[in-house]
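Spelled out, the chains give:
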Number of protein chains: 2
Amino acid sequence: MPRTKGNHEARRRDVSEAVWRVLVAHGFGGLTMRAVAAELDATTGLLTHYFPAKRDLVAYALDLLERRSASRPRRAAGKGLSAVRAALLDILPLTDEATDSNRIWVSSWDAALANPELSDDYARKYAKSREKLRDLVAAAQQLGELPDGDPARIAAGAQSFVLGLVVQALFDPPAFPSHRQAELLDDYLATLNSPPSSGGDHEILS
Amino acid sequence: MPRTKGNHEARRRDVSEAVWRVLVAHGFGGLTMRAVAAELDATTGLLTHYFPAKRDLVAYALDLLERRSASRPRRAAGKGLSAVRAALLDILPLTDEATDSNRIWVSSWDAALANPELSDDYARKYAKSREKLRDLVAAAQQLGELPDGDPARIAAGAQSFVLGLVVQALFDPPAFPSHRQAELLDDYLATLNSPPSSGGDHEILS
């Protein structure tokens, strides 16, 4: 096959697909030159053309995950509380595609926590995501759809809620089908939206 | 050194400590015979005496994590809502020890998701943990310290909340010092404890 630009691009897409399938099936712990080559039905020799070393393959996979997440389809957001809800639903593993992507994110945490630079990068990523959520929460408060309170604190709580729901749903899909995940999120949003309870709490909680 | 039972036990403790330190620093992705041998200041040859193959080392590490988690100190629980709170605080990375342990749990998710048997085992573990929490929630409801509602559903939400908070705190300790984690948990429990809001929600949330 002549080495044209089109072929090169097609080959890069094939490589991306193969890396993605290996990550879905085996996670970062199972991401090896050999596994990707097998998915591509190619030799590991060909793979070293793309990834001279294992760390290049891992860097490529992390970048692929980032790009696919950034370009994933989002719900029409509306505004106020429904925008908060849409942003949180966009994170959950409600479809096969979102499940694959979340499974790879969770898998990447092991590598990320072991590498200070990558760990900082993840911390920034989650902080940025909390900031976006904070702005949506503040907008919902201005519309009177969420009660007063530090929007950053509410955003940190909401992000915790969905991240933990992602983990539980990945391990136990039968216990967390998509309608159940949405119900749990709606429970959470409904409690957020409740007027603060009066009396008793502080004694019990402090 | 004579091969006495005491020496054998001491050596096993040394091995456990070395495996633990490797997991804290490098996660399951960095758990190799070589890394454990280096921590022990021993040869990889000696290690194969304990772990004939890599998978034996991984199985040992998972078992060690399980045992250490099961035997970790717990807060005096009280009853009702304060028992729910204590159980949730026991999960969070509020101390160095709990941080190490959580870091290893999160790291283990990659391996667990890649292995159907292990994945089922984790699903059962989290289901059991939700059941315990459900019983605590039901007891708090009976005392009138939490409003009515399906206790299993409240437990699933609460477990999501703390698991996601664990992940965020591990990546960003400066943003989630222990007092902040406790505050966020108390915010969550306070909203749970609020009377259901009246009107508006269903229109917005459905």
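Since the structure is predicted, the reported quantities are computational estimates derived from the model, not experimental observations. (Residues numbered from 1 in each chain as written. Chains lettered and ligands numbered in written order. Predicted model: local features only at pLDDT ≥ 70, side-chain atom pairs only at ≥ 80, totals over all residues. Heavy atoms only, no water.)

Some details on the relation of the copies chain A and chain B
So, point 1. Taken as rigid bodies, chain A and chain B are interconverted by a rotation of 180° and an axial shift of 0.0 Å, the fit giving an RMSD of 0.0 Å. Seen this way, the second copy is the image of the first under a two-fold rotation axis.
So, point 2. By residue overlap, the copies meet face to face through one surface: 100% of the interface positions of chain A are interface positions in chain B. (Least-squares fit on C-alpha atoms with pLDDT ≥ 70 in both. Contact = heavy atoms within 4.5 Å.)

What about the UniProt feature "DNA-binding region" (unreviewed entry) in chain A?
So, point 1. Taking the UniProt record as the reference, the feature "DNA-binding region" (unreviewed entry) is found at residues 32-51 of chain A.
So, point 2. With 75% helix and 0% strand, the stretch residues 32-51 of chain A has end C-alpha atoms that lie 11 Å from each other. (UniProt positions renumbered as here; feature names shortened; annotations may be inferred. Helix = DSSP H or I, 4+ residues; strand = E, 2+ residues; numbered from the N terminus.)

Concerning the packing of aromatic side chains
So, point 1. Per the stated rule, a full pass over the model turns up 18 aromatic pairs over all chains.
So, point 2. An angle of 65° between the planes, with centres 6.3 Å apart, marks the rings of Y122(A) and Y126(A) as edge-to-face. Residue Y122(A) and its partner Y126(A) are both found in helix α7 (residues 116-142); the two are separated by four residues, about one turn of the helix. For the pair Y122(A) and Y126(A), one class covers both residues: buried.
So, point 3. When the ring of F161(B) is compared with that of Y188(B), the centres are 4.4 Å apart and the planes differ by 15°; the resulting orientation is stacked. Highlighted residues: F161(B) in helix α8 (residues 151-171) and Y188(B) in helix α9 (residues 178-192), separated in sequence by 27 residues. The two residues F161(B) and Y188(B) agree in class, both being buried.
So, point 4. A cation over a ring is seen here: R68(A) above W20(A), with NZ or CZ 4.5 Å from the ring centre. (Phe/Tyr/Trp six-rings, centres within 6.5 Å; stacked < 30°, edge-to-face > 60°. Buried < 20%, exposed > 50% of the residue type's maximum accessible area, 1.4 Å probe, protein only. Lys NZ or Arg CZ within 6 Å of the ring centre and 35° of its normal.)

A few points about the interface of chain A and chain B
So, point 1. In this assembly, 57 residues from chain A lie in contact with 57 residues from chain B.
So, point 2. Surface buried jointly by chain A and chain B totals about 4,800 Å² across both partners, of which 60% is contributed by carbon and sulfur atoms.
So, point 3. For the interface between chain A and chain B, the tally reads eight salt bridges.
So, point 4. Between R130(A) and D172(B) there is a salt bridge whose closest N-O contact spans 3.4 Å.
So, point 5. Partitioning the side of chain A that touches chain B into residue classes produces 30 nonpolar, 15 polar and twelve charged. (Buried area = accessible area lost by both parts, 1.4 Å probe. Salt bridge = Lys/Arg side-chain N within 4 Å of Asp/Glu carboxyl O. Nonpolar A, V, L, I, M, F, W, Y, C, P; charged D, E, K, R; others polar.)

Observations concerning the domain arrangement of chain A
Residues and elements named next belong to chain A.
So, point 1. Under the domain assignment used here, chain A contains domain 1 (5-69) and domain 2 (74-196).
So, point 2. Buried area between domain 1 and domain 2, summed over both chains or domains, comes out near 1,000 Å², and the portion from carbon and sulfur atoms is 64%.
So, point 3. At the boundary of domain 1 and domain 2, one finds one salt bridge.
So, point 4. One salt bridge in this structure joins E66 and K125, with 2.5 Å as the shortest N-O distance. (Domains from an automatic or database assignment.)

What about the packing of helix α8 (residues 151-171) of chain A against α8(B)?
So, point 1. Relative orientation of the contacting elements α8(A) and α8(B) amounts to 105°, with a least axis distance of 6 Å. Taken together, the axis directions place α8(A) and α8(B) in an arrangement best described as roughly perpendicular. Seen from α8(A), the contacting residues are A156(A), G157(A), Q159(A), S160(A), F161(A), L163(A), G164(A), L165(A), V167(A) and Q168(A); seen from α8(B), they are A156(B), G157(B), Q159(B), S160(B), F161(B), L163(B), G164(B), L165(B), V167(B) and Q168(B). (Axes fitted to C-alpha atoms, helices over the stretch in contact; angles between N-to-C directions. Parallel < 35°, antiparallel > 145°, perpendicular 65-115°, else oblique.)

A few points about helix α6 (residues 96-114) of chain B
Helical geometry: 3.6 residues make up each α-helical turn, so side chains three or four residues apart lie on a common side.
So, point 1. The terminal C-alpha atoms of α6(B) lie 28 Å apart, and with 19 residues this matches the ideal 27 Å at 1.5 Å per residue to within 8%.
So, point 2. Of all bends in α6(B), the biggest is about 30°, found at S108(B). (Expected span 1.5 Å × (residues − 1). Bend = angle between axes of the 7 residues up to and from the residue.)

Digging into the UniProt feature "domain: HTH tetR-type" (unreviewed entry) in chain A
So, point 1. Here the UniProt feature "domain: HTH tetR-type" (unreviewed entry) sits at residues 9-69 of chain A.
So, point 2. Counting secondary structure, residues 9-69 of chain A comes out at 80% helix and 0% strand; the distance between its end C-alpha atoms is 21 Å.

Section: the side chain of S119(A)
So, point 1. Mapped onto the elements, S119(A) comes out in helix α7.
So, point 2. Its relative accessible area of 11% is what places S119(A) among the buried residues.
So, point 3. Sequence-distant contacts of S119(A), defined by excluding residues within four places in its chain, comprise A112(A), L113(A) and F171(B).

Description of the packing of helix α6 (residues 96-114) of chain A against α6(B)
So, point 1. Between α6(A) and α6(B), whose axes approach to 8 Å, the crossing angle comes to 135°. As far as their axial angle goes, α6(B) and α6(A) are oblique. As for how α6(A) packs across α6(B), the hand of that crossing is left-handed. When α6(A) is examined against α6(B), the residues R103(A), V106(A), S107(A), W109(A), D110(A), L113(A) and A114(A) are found in contact with a partner set consisting of R103(B), V106(B), S107(B), W109(B), D110(B), L113(B) and A114(B).
So, point 2. Taken together, the residues of the contact of α6(A) with α6(B) break down into eight nonpolar, two polar and four charged. (Left-handed = near helix turned anticlockwise from the far one by under 90°.)

Description of the environment of R103(B)
So, point 1. With respect to the helices and strands, R103(B) occurs in helix α6.
So, point 2. Overall, R103(B) belongs to the buried group, its relative accessible area being 6%.
So, point 3. For the pair formed by R103(B) and A140(B), sequence separation is 37 residues and the distance between their alpha carbons is 30 Å.
So, point 4. Excluding anything up to four places from it in sequence, R103(B) contacts D110(A), L113(A), A114(A), L23(B), V24(B), A25(B), H26(B), G27(B) and L170(B).

Notes on the confidence of the model for chain A
All names here are of chain A.
So, point 1. Taken over all residues, the pLDDT of chain A has a mean of 90, while the share at 70 or more is 92%.
So, point 2. Note that residues 197-206 has pLDDT below 50 and, in this model, 15 contacts with residues that lie over four places away or in other chains.
So, point 3. Scored as a complex, the prediction yields pTM 0.91 and ipTM 0.90. (pLDDT = per-residue confidence, 0-100.)

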